[in-house]
Amino acid sequence: MIPRRRMVAPARHDQLARLASFAAAAAAEVGFDDLQINRIELAVDEACSNIIDHAYDGQSGEIAIEISGERNHHVLIIIIDQGKPFDPDSVQEYVPTASLDDAKVGGLGLHLMRQTMDQVCFEFGVPGVGNRLTMQKFVRGR
Amino acid sequence: MTMPATLVVRESTAGEAGDSSSAPVPVIQASGRLDASTVSILEHALMRALHTAAKVVILDLSEVTYISSSGLRVLLTCRRQLRDRRGDLILCALSQNVRDVFDMVGFSALFGIAESLDQARQMAAGYASG
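Now for a description of the structure that goes with this document. Everything numeric in this text was worked out from a predicted model, so none of it was measured.

1. Regarding the overall build of chain A
Broken down by element type, chain A carries three helices and five strands. Starting at the N terminus and ending at the C terminus, chain A contains elements arranged as β-α-α-β-β-α-β-β. Since a compact globule built from 142 residues should have a radius of gyration of about 14 Å, the 15 Å found for chain A is in line with a globular shape. Within the span of chain A, comprising 142 residues, buried residues form 50% of the whole. In chain A, the proportion of contacts linking residues at least 24 apart, taken out of those at least 6 apart, comes to 60%. With an accessible surface of roughly 6,600 Å², chain A has 48% of that area assigned to carbon and sulfur atoms. In chain A, which carries 14 positive and 20 negative side-chain charges, the distance between the mean positions of the two groups comes to 6 Å.

2. A short note on the packing of aromatic side chains
By the definition in use, this model includes six aromatic pairs over all chains. Between B:Phe102 and B:Phe107, the ring centres sit 5.7 Å apart and the planes meet at 90 degrees, which makes this aromatic pair edge-to-face. For the residue pair B:Phe102 and B:Phe107, the accessibility class agrees, reading buried in each case. For the pair B:Phe102 and B:Phe111, a centre-to-centre distance of 5.9 Å together with 55 degrees between the ring planes defines the contact as tilted. Take B:Phe102 and B:Phe111: they sit in the same class, and that class is buried. Taken together, the ring pairs in this structure connect A:Phe86, A:Phe122 and A:Phe124 into an aromatic cluster. Positioned over the ring face of B:Tyr66 is B:Arg33, at 3.8 Å from the centre of the ring. Positioned above the aromatic ring of B:Phe111, the side-chain terminus of B:Arg79 is 5.8 Å from the ring centre.

3. With respect to the nonpolar core
Ranked by internal contacts, the top residues of the largest apolar core, which has 41 residues, are B:Leu89, B:Leu91 and B:Phe102. Elements represented by at least two residues in this core include exactly helix H3 (108-116) of chain A together with strand S1 (7-14), strand S2 (25-34), helix H1 (39-50), strand S3 (56-67), helix H2 (69-84), strand S4 (88-92) and helix H3 (96-105) of chain B. Apart from residues lying up to four places away in sequence, B:Phe102 is in contact with B:Ile67, B:Leu72, B:Leu75, B:Leu91, B:Leu94, B:Phe107, B:Ser108, B:Phe111 and B:Ile113. Residues A:Leu19, A:Phe32, A:Ile37 and A:Ala55 belong to the second largest nonpolar core, which totals 35 residues.

4. With respect to the side chain of B:Asp60
Residues and elements named next belong to chain B. Mapping Asp-60 onto the fold places it in strand S3. Put simply, Asp-60 is tucked away with no salt bridge, and the nearest opposite charge, on Arg-10, sits 6.3 Å away. When sequence neighbours within four positions are dropped, the list of residues in contact with Asp-60 reads Ile-28, Gln-29, Ala-30, Cys-92, Ala-93 and Leu-117.

Rules used in this analysis
Residues numbered from 1 in each chain as written. Chains lettered and ligands numbered in written order. Predicted model: local features only at pLDDT ≥ 70, side-chain atom pairs only at ≥ 80, totals over all residues. Heavy atoms only, no water. Helix = DSSP H or I, 4+ residues; strand = E, 2+ residues; numbered from the N terminus. Rg over C-alpha atoms; globule rule 2.2 N^0.38 Å. Buried < 20%, exposed > 50% of the residue type's maximum accessible area, 1.4 Å probe, protein only. Contact = heavy atoms within 4.5 Å. Areas by Shrake-Rupley, 256 points an atom, 1.4 Å probe, with all protein chains shown as cover. Lys, Arg positive; Asp, Glu negative; His and termini not counted. Charge placed at Lys NZ, Arg CZ, Asp CG, Glu CD. Phe/Tyr/Trp six-rings, centres within 6.5 Å; stacked < 30°, edge-to-face > 60°. Lys NZ or Arg CZ within 6 Å of the ring centre and 35° of its normal. Core = buried A, V, L, I, M, F, W, Y, C linked by side-chain atoms within 4.5 Å. Salt bridge = Lys/Arg side-chain N within 4 Å of Asp/Glu carboxyl O.

So yeah, pure geometry; function would need other evidence.
This is the structure:
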């Protein structure tokens with residue numbers, strides 16, 4: 001196991017690198033390679049960007065990130081906010097295309113989270129918690 | 001403690017001295033981390049390039065170590081604007097991390113990507129002569 005860790009940051013874009021780096025350090029301890037660490041950073045960045053832009057929608061708030069894991073096996077990342085809930089199924093699915101006319105940017109962040117992590121689970125309005133996003137990635141996963 | 005992300009852009013033009021056959025090609029070299037907190041720096045540089053008569057803009061990403069969807073959106077918007085003037089946004093020298101993200105979202109098939117700045121200049125010259 002790696003030591004469980006927790007960080008709370010203001011929900012602002014200037015905190016994204018800090019939040020992503022926090023996850024990257026834990027991922028390195030688990031034993032992910034550099035490319036996979038970048039993917040984990042990206043998933044955390046996209047998740048937190050969505051929270052800042054949509055859940056808090058310009059209002060002040062906090063993002064809490066909790067990370068645990070097992071060496072050479074997996075990392076588990078839980079991100080909690082107190083903003084507005086959203087329905088992930090309502091987000092237009094991003095479909096990669098080679099056509100500049102057809103390319104859309106909607107759903108890009110969610111697409112990247114699902115591409116980079118093995119499991120992505122949203123829960124909203126959890127009593128005593130708030131909105132909770134759980135993401136897991138295995139060392140031998142995608 | 002806040003650890004701010006940083007992105008630095010350098011702006012220049014490509015083209016042989018004395019070559020007056022076409023507008024100079026703006027070359028933007030970015031380095032650092034391209035996320036929601038820094039994307040406006042690149043966006044402003046691209047806007048300055050778009051305000052010239054240039055049909056083609058070269059963006060050197062060799063020193064960009066990280067890109068999120070915020071950066072991807074700006075690149076797509078810029079390429080569309082240049083396409084509307086029958087030009088292009090030519091990207092060059094993607095790092096492994098950036099290439100990985102491009103592959104995940106299909107941008108590798110959507111953009112003209114040069115392996116080096118020299119190759120990007122050659123591609124841009126093709127637009128000038130074409």
